[in-house]
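Read off the chains here:
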Amino acid sequence: MASGAVTARLESADGALYLTVVTVCGPLSGPVARDGSLFTPGSIAVGASGCLPPLQAGQESWLLEFFKTPFEAAYSDGRLTWTNEKGSLAFEPR
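All of the points below concern the structure found in this document. Source: prediction; values computed, not measured. (Residues numbered from 1 in each chain as written. Predicted model: local features only at pLDDT ≥ 70, side-chain atom pairs only at ≥ 80, totals over all residues. Heavy atoms only, no water.)

### Brief notes about the overall build of the protein
Right, on to step 1. On a plain count of helices and strands, the protein comes out with one helix and eight strands.
Right, on to step 2. For the protein, the N- to C-terminal ordering of α and β elements is β-β-β-β-β-α-β-β-β.
Right, on to step 3. Within the protein, the fraction of its 94 residues that count as buried is 26%.
Right, on to step 4. Considering only contacts within the protein whose residues lie at least 6 apart along the sequence, 31% involve residues at least 24 apart.
Right, on to step 5. Carbon and sulfur atoms form 53% of the exposed surface of the protein, whose accessible area is close to 5900 Å². (Helix = DSSP H or I, 4+ residues; strand = E, 2+ residues; numbered from the N terminus. Buried < 20%, exposed > 50% of the residue type's maximum accessible area, 1.4 Å probe, protein only. Contact = heavy atoms within 4.5 Å. Areas by Shrake-Rupley, 256 points an atom, 1.4 Å probe, with all protein chains shown as cover.)

As structure tokens, this is what we get:
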């Protein structure tokens, strides 16, 4: 994915942890459980979206598959990386 194509936020509300991911196609969100640096997504909902170009739609599909599997979080050299068997996402601060 292109740099800046995905933003993500983890927030705590009412004792639960929630993930919100925004792509060029639209938002994805849902609960996640955390055990140390391992995050396990629950049901991820897809918000209103519009993704016409095949490349963008393919990226959205890849993200949905990524968030069906637990991912490991690591922070190094100013970059947060989430990795699982589907691949990895690297985030830099804005």
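What follows continues from the structure just given.
### Description of unusual backbone geometry
Right, on to step 1. In this model, aspartate 14 sits at a positive phi of 50°, which is unusual for a non-glycine residue.
Right, on to step 2. Tracing the chain through its elements places aspartate 14 in the loop between β1 (6-13) and β2 (16-23).
Right, on to step 3. On the accessibility criterion, aspartate 14 (86% relative accessible area) is exposed.

### Points about the nonpolar core
Right, on to step 1. Ranked by internal contacts, the top residues of the largest apolar core, which has 15 residues, are Phe67, Trp82 and Leu89.
Right, on to step 2. Sequence-distant contacts of tryptophan 82, defined by excluding residues within four places in its chain, comprise Ala8, Leu10, Leu19, Phe66, Phe67, Phe71, Glu72, Ala73, Gly87, Ser88, Leu89 and Phe91. (Core = buried A, V, L, I, M, F, W, Y, C linked by side-chain atoms within 4.5 Å.)

### What to know about the environment of proline 70
Right, on to step 1. Mapped onto the fold, proline 70 is located in the loop between α1 (54-66) and β6 (71-76).
Right, on to step 2. Given the relative accessible area of 36%, proline 70 is considered partly exposed.
Right, on to step 3. Once the C-alpha coordinates of proline 70 and tryptophan 82 are considered, the two residues, twelve residues apart in sequence, prove to be 9.6 Å apart.
Right, on to step 4. In contact with proline 70, other than residues within four places in its own chain, are Leu38, Phe39, Thr40, Pro41 and Asn84.

### Some remarks on the packing of aromatic side chains
Right, on to step 1. Taken as a whole, this structure holds eight aromatic pairs when the rule is applied.
Right, on to step 2. With a centroid separation of 4.7 Å and 35° between ring planes, the pair formed by phenylalanine 71 and tryptophan 82 is classed as tilted. Of this pair, phenylalanine 71 sits in strand β6 while tryptophan 82 sits in strand β7 (residues 79-84), and the two are eleven residues apart along the sequence. Here phenylalanine 71 and tryptophan 82 have matching classes, each one buried.
Right, on to step 3. Taken together, the ring pairs connect Phe39, Trp62, Phe66, Phe67, Phe71, Trp82 and Phe91 into an aromatic cluster. (Phe/Tyr/Trp six-rings, centres within 6.5 Å; stacked < 30°, edge-to-face > 60°.)

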